[in-house]
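# Coordinate inspection notes
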Amino acid sequence: MTIRSTTIVGVLRDGKGALAGDGQVTLGDKVIVKHGARKVRRLYHGQVLAGFAGTAADAFTLFERFEAKLDEFNGQLLRAAVELAKEWRTDRVLRRLEAVMIAMDPRQILIISGSGDVIEPDEGIAAIGSGGPYAQAAAAALLRHTDLSAAEIARKALEIAAEICVYTNNHITVQEIG
């Protein structure tokens, strides 16, 4: 059976950032096995936020590797992300991970994948996972047409995604930075 889960959305606004994740873990197409998973973490002495779409074992592996890269490069988010993506793409074990990660600090938000992608979105919004497109659309509308904070936008975008995506729930964790 395939484990499906996760919507993660990150938003930058006014020198602050927020990363939000839902809590649902689904086994196959019909069974919800967990409602309150925590898929968003603080890394590098609380200065970086990261969220993950994929299996739990893959998440812990990648969080550990990414934090080691952040330590190696003194918290330089982009440099650590590029080095993680290079290692992820070339390492025989890591290469098998089917996952995507969002990492951010108050100035920058990045999407990192195992295919070697490190993408900095144009608008300061990134979303991944099953409900990612819904959360991204909602966050873009809220960013453009409201004065809500980054954290409020991230939470509301996930709430909207949870109304549409069957693999996303409203047990939301939001972490702020900046």
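As shown above, the structure is provided for reference.
To start, this report covers the structure provided alongside it. Being a predicted model, the structure only gives us computed values, none of them experimental. Per-chain numbering applies: the sequence of each chain, read as written, is numbered from 1 onward. Local features in this predicted model are restricted to residues of pLDDT 70 or higher, and side-chain atom pairs are both shown and tallied only at a pLDDT of 80 or more, whereas totals for entire chains, interfaces and linings draw on every residue. Values reported for side chains reflect all heavy atoms of the structure, with hydrogen atoms and water molecules removed beforehand.

## Things to note about unusual backbone geometry
Positive phi is not limited to glycine here, since Tyr44 has a value of about 45°. Within the secondary structure, Tyr44 is located in the loop between strand S6 (40–43) and strand S7 (48–53). At Asn74, a position not held by glycine, the phi torsion is positive, near 50°. Only DSSP runs of H or I reaching four residues or more are called helices, and only runs of E reaching two or more are called strands; each is numbered from the N terminus. Here Asn74 shows up in the loop between helix H1 (56–72) and helix H2 (77–90).

## Side note on the sheet that holds strand S10 (residues 118–119)
Reading across from one edge, S6-S7-S8-S9-S10 is the order of the five strands in this open sheet, with antiparallel pairing throughout. Each edge of the open sheet carries a strand with a single partner, namely S6 and S10. A pair of strands is treated as paired once DSSP finds two or more bridges between them. As paired elements, strand S9 (residues 109–113) and S10 share two bridges and run antiparallel to each other. Opposite Ile112, over in S10, you have Val118 as the bridge partner. By definition in these notes, contact holds between two residues if any of their heavy atoms fall within 4.5 Å. For helices, the fitted line uses only the C-alpha atoms of the stretch in contact; every axis is such a line through C-alpha atoms, and the angle between N-to-C directions lies from 0 to 180 degrees. Packed onto the sheet, H1 meets S6, S7, strand S8 (100–104) and S9 and runs at close to 150° relative to S7. Across the sheet, H2 lies against S7, S8, S9 and S10, angled at about 10° from S9, the strand it touches most.

## A closer look at helix H3 (residues 132–145)
Taking 1.5 Å of rise per residue, the 14 residues of H3 would be expected to cover 20 Å, and the 20 Å separating its terminal C-alpha atoms lies within 8% of that figure. Here the term buried applies to any residue with accessible area under 20% of the maximum for its type, exposed to any over 50%, and partly exposed to those in between, with areas from a 1.4 Å probe on protein chains only. Those residues of H3 lying buried are Gly132, Ala135, Ala138, Ala139, Ala140, Leu142 and Leu143. Packed against the buried residues of H3 are strand S2 (7–13), strand S11 (125–129) and helix H4 (150–164). The span expected for a helix works out to 1.5 Å for each residue beyond the first.

## A few points about the packing of H1 against H2
Here H1 crosses H2 at 130°, and the two axes come no closer than 8 Å. When the axes of H1 and H2 are compared, the pair comes out oblique. Seen along the crossing, H1 lies across H2 with a hand that is right-handed. Contact residues: H1 offers Leu62, Arg65, Phe66, Lys69 and Leu70, while H2 offers Leu77, Ala80, Ala81, Glu83, Leu84, Glu87 and Trp88. By definition in this entry, angles of less than 35 degrees are roughly parallel, angles greater than 145 are roughly antiparallel, angles of 65 to 115 are roughly perpendicular, and the rest are oblique. For any pair of crossing helices, the crossing counts as left-handed if the nearer helix is rotated counterclockwise from the farther one by less than a right angle, and right-handed if it is rotated clockwise.

## Considerations on the sheet that holds S11
Pairing is antiparallel in the open sheet, where four strands are placed in the order S11-S2-S3-S12. Every interior strand has two partners, whereas the edge strands, S11 and strand S12 (173–177), have only one. Averaged over all pairs of adjacent strands, the angle between strand axes in this sheet comes to 10°, irrespective of strand direction. As judged from the five bridges shared by S2 and S11, these two strands associate in the antiparallel manner. Residue Val9 lies in a different strand from S11, and its bridge partner there is Ala127.

## Details of the environment of Leu43
By the element assignment, Leu43 lies in strand S6. Overall, Leu43 belongs to the buried group, its relative accessible area being 4%. As a C-alpha pair, Leu43 and Arg96 span 53 residues in sequence and 24 Å in three-dimensional space.

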